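Chain residues, written in single-letter form:
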Amino acid sequence: MIKQSHTSEPHQSAALAGELRISVGKLIRRLREQAHPGDFTSAQKSVLLRLDRDGPATVSALARAESVRPQSMRVTVAGLEAIGAVSGESDPNDGRQTLIDLTPTFRKTLTTSRAAKEDWLLRALQAQLSPQEQDALAAAVKLLQRLADF
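Residues numbered from 1 in each chain as written. Predicted model: local features only at pLDDT ≥ 70, side-chain atom pairs only at ≥ 80, totals over all residues. Heavy atoms only, no water.

By the naming in an unreviewed UniProt entry, the protein goes by MarR family transcriptional regulator and is assigned to Rahnella perminowiae.

Structure, rendered in structure tokens:
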């Protein structure tokens, strides 16, 4: 079911969409500046985030989740293994398979990176927004989450 827009003019919705895209993009770039990112490809970033969120997985499972061929995923995982971001261990339920997971060192790096981003964002919120504006932003975050889940 499609929800109707509450905006009176279609061009207002289009303008809002454009402004939102630009603002969110700029915020993402600013957050990335706060950490020391590696030179990860988008495929590598996606695998790292999936492993962090969902836990260990086989190359085949990662390939299915990312909608790529297992051969392509093997190349991505090999690159991550080469820099020490992930490692593989035998699956305790099926010794023929290898479970890929984040290394403890990389997990620590990821945690530090996230903390730096959140620290910058907290300081920016406190310096740039009044308590009332922070409340309005909290309500807007819920709306952004709904958009992201669309």
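### Considering the environment of Gly-55
Mapped onto the secondary structure, Gly-55 falls in the loop between helix 2 (42–54) and helix 3 (59–66). Separated by 68 residues in sequence, Gly-55 and Arg-123 have C-alpha atoms that sit 31 Å apart. (Helix = DSSP H or I, 4+ residues; strand = E, 2+ residues; numbered from the N terminus.)

### Considering a positive patch on the surface
Taken together, the side chains of Lys-26, Arg-29, Arg-32 and Lys-45 present a region of like positive charge at the surface. With three residues, the top contributor of residues to the positive patch is helix 1 (residues 10–33). Turning to its location among the elements, Lys-26 is positioned in helix 1. With a relative accessible area of 52%, Lys-26 lands in the exposed category. (Patch = residues over 30% accessible without salt bridge, like charges linked within 9 Å, V, L, I, M, F, W, Y side chains within 5 Å. Areas by Shrake-Rupley, 256 points an atom, 1.4 Å probe, with all protein chains shown as cover. Salt bridge = Lys/Arg side-chain N within 4 Å of Asp/Glu carboxyl O. Lys, Arg positive; Asp, Glu negative; His and termini not counted. Charge placed at Lys NZ, Arg CZ, Asp CG, Glu CD. Buried < 20%, exposed > 50% of the residue type's maximum accessible area, 1.4 Å probe, protein only.)

### Comments concerning the pattern of salt bridges
For the structure on display, the rule yields eight salt bridges. Across the salt bridge formed by Arg-114 and Asp-52, the nearest N and O atoms sit 2.6 Å from each other. Here the residue Arg-114 occupies a position in helix 5 (residues 104–128), and Asp-52 occupies one in helix 2, the gap between them amounting to 62 residues. On the accessibility criterion, Arg-114 (35% relative accessible area) is partly exposed. Of the charged contacts, one joins Arg-123 and Asp-119 as a salt bridge, the two residues approaching to 3.2 Å between their closest N and O atoms. Residue Arg-123 and its partner Asp-119 are located together in helix 5, separated by four residues, close to a single helical turn. Exposure remark for Arg-123: the relative accessible area of 45% places this residue in the partly exposed category. Exposure remark for Asp-119: the relative accessible area of 39% places this residue in the partly exposed category. One network of salt bridges, in which partners are shared, links Arg-50, Arg-53, Asp-54 and Glu-66.

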